[in-house]
Amino acid sequence: MTPDLLVVGAGPAGAAAALWARTLGLATQVLEARAAPGGQLHHIHFRPANLPGLMDGHGPEVAAALAAQLESAGIAVRCRAAAAALEPGVPAVRTADGARHEALAVLIATGVRRRRLEVPGEREFEGRGVSWSATQDRAGFAGEEVVVAGGGDGAFENALLLTEVGCRVTLVVRGASRARREFRARVAAEPRIEVLEGTRVLAVRGDDRVRAVRLQGPRGEFDLPAAGLIVKAGVVPNTDWCRGSLETDAEGFVQVDAEFGTSRPRVWAAGDVTHPPLSGIAVALGQGALAAAAIRNVLRGE
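Predicted model, so just to flag it, every value in this text is computed and none were measured. (Residues numbered from 1 in each chain as written. Predicted model: local features only at pLDDT ≥ 70, side-chain atom pairs only at ≥ 80, totals over all residues. Heavy atoms only, no water.)

Caption draft 1: Highlighting the pairing of strand E14 (residues 210-217). Here strand E13 (residues 200-206) runs beside E14; their pairing, made up of six bridges, is antiparallel. Bridge pairing in E14 links Arg200 to Gln216. Connecting E13 to the antiparallel partner E14 that follows it, the hairpin turn spans three residues. The pairing of E14 with strand E15 (residues 220-225) spans six bridges and is antiparallel. Across the sheet, the residue bridging to Leu215 is Phe222, located in E15. The antiparallel pairing of E14 with E15 creates a hairpin that spans two residues between the two strands. (Pairing = 2+ DSSP bridges. Helix = DSSP H or I, 4+ residues; strand = E, 2+ residues; numbered from the N terminus.)

Written as structure tokens, this is what we have:
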């Protein structure tokens, strides 16, 4: 039987949409590329301070709570089912294994992934000095020289976290710093952090682990001795599979209207994949719920 709604992605937006859709009487199925629901929650290694309600814990714990709610509600979640194409015509998604999943409506909630620098050594030294989270890995860098690449809040916050375990930090910003004023002020007051604006990472070098980071900037090109590199270069949307089938912005984020509808009939999108003005778990949950309501109104002719 064809479901009313196919939700692609089981992060906060997708999970909220699926739960609300069931409450609104829509038969719902969920596809998830990962081994379990949660999306970017699996990369949050602290307690989200701005998440109201009863879901308390680090990111993976919140993800587990979402998975338990979906299971309790009887919502079928097919994991390890990465979307490969949004088919033309009737709303349908083809997954990487070749299976075709059709529904009366599709909600894209595939979220974002961490942006890589795509420089030599970045992948090779991952787990051996290249990290994505000072929150998770700072104990292994205690007392060392560390490079943080990025100019936003996450990069500045990670630099500050590293100083708490005795690190000296070089904060490499490709252009100008984009972090909030409070983070910039705290970094400027921290003598163990040096900020290099207009500078980029060219390569990561080492032997059994990271020993230096090759940089290029106003000082020219040089190797900076370091025991680690924390990459905080932002995110990219998980829309490679559908980018040619509906309207996206220049970065690949799905364009939506006030009701979360896309340029394709009966295809909606919600959460980080739409590049909301404010990114956060609470925002994704709310967008998922609102999208489910909009979908219900269209399918029921209201």
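Caption draft 2: Spotlight on the pattern of salt bridges. Within this structure, the stated rule accounts for 20 salt bridges. Note that Arg78 and Asp97 form a salt bridge whose closest N and O atoms lie 2.5 Å from each other. Within this pair, whereas Arg78 is found in strand E3 (residues 76-78), its partner Asp97 is found in the loop between strand E5 (92-95) and strand E6 (100-102), the two being separated by 19 residues in sequence. Between Arg100 and Glu87 there is a salt bridge, with its nearest N and O atoms 2.6 Å apart. You can see Arg100 sitting in strand E6 and its partner Glu87 sitting in the loop between strand E4 (83-86) and E5, a full 13 residues away along the chain. With relative accessibility at 39%, the residue Arg100 sits in the partly exposed group. Taking the relative accessible area as the measure of exposure, Glu87 reaches 15% and is therefore buried. (Salt bridge = Lys/Arg side-chain N within 4 Å of Asp/Glu carboxyl O. Buried < 20%, exposed > 50% of the residue type's maximum accessible area, 1.4 Å probe, protein only.)

Caption draft 3: Up close: the sheet that holds strand E11 (residues 168-173). If you trace the five strands from one edge of the open sheet to the other, you get E9-E16-E10-E11-E12, paired in parallel fashion. Sheet topology places strand E9 (130-131) and strand E12 (193-197) at the edges, where each strand pairs with a single neighbour. Two elements, E9 and strand E16 (residues 228-231), share two bridges in a ladder whose sense is parallel. Bridge pairing in E16 links Val130 to Leu229. Set on the sheet, helix H4 (residues 153-163) makes contact with strand E10 (145-149), E11, E12 and E16; between it and E11 the angle comes to about 170 degrees. (Contact = heavy atoms within 4.5 Å. Axes fitted to C-alpha atoms, helices over the stretch in contact; angles between N-to-C directions.)

Caption draft 4: Representation of unusual backbone geometry in the model. The residue Arg266 is not glycine, and still its phi comes out positive at about 60 degrees. Position of Arg266 among the secondary structure elements: in the loop between strand E17 (235-237) and strand E18 (267-269).

Caption draft 5: Layout of the nonpolar core. Grouped together as the largest cluster of nonpolar side chains are 32 residues, with contacts concentrated most on Leu5, Leu41, Leu107, Trp268 and Ile295. Take this core: its biggest share by element is seven residues, from helix H6 (residues 281-299). Setting aside its immediate chain neighbours within four residues, Leu107 contacts Leu5, Leu6, Val7, Val8, Ala17, Trp268, Ala269, Ala270, Ala291 and Ile295. Val146, Leu160, Phe183 and Ile230 belong to the second largest nonpolar core, which has 19 residues in total. (Core = buried A, V, L, I, M, F, W, Y, C linked by side-chain atoms within 4.5 Å.)

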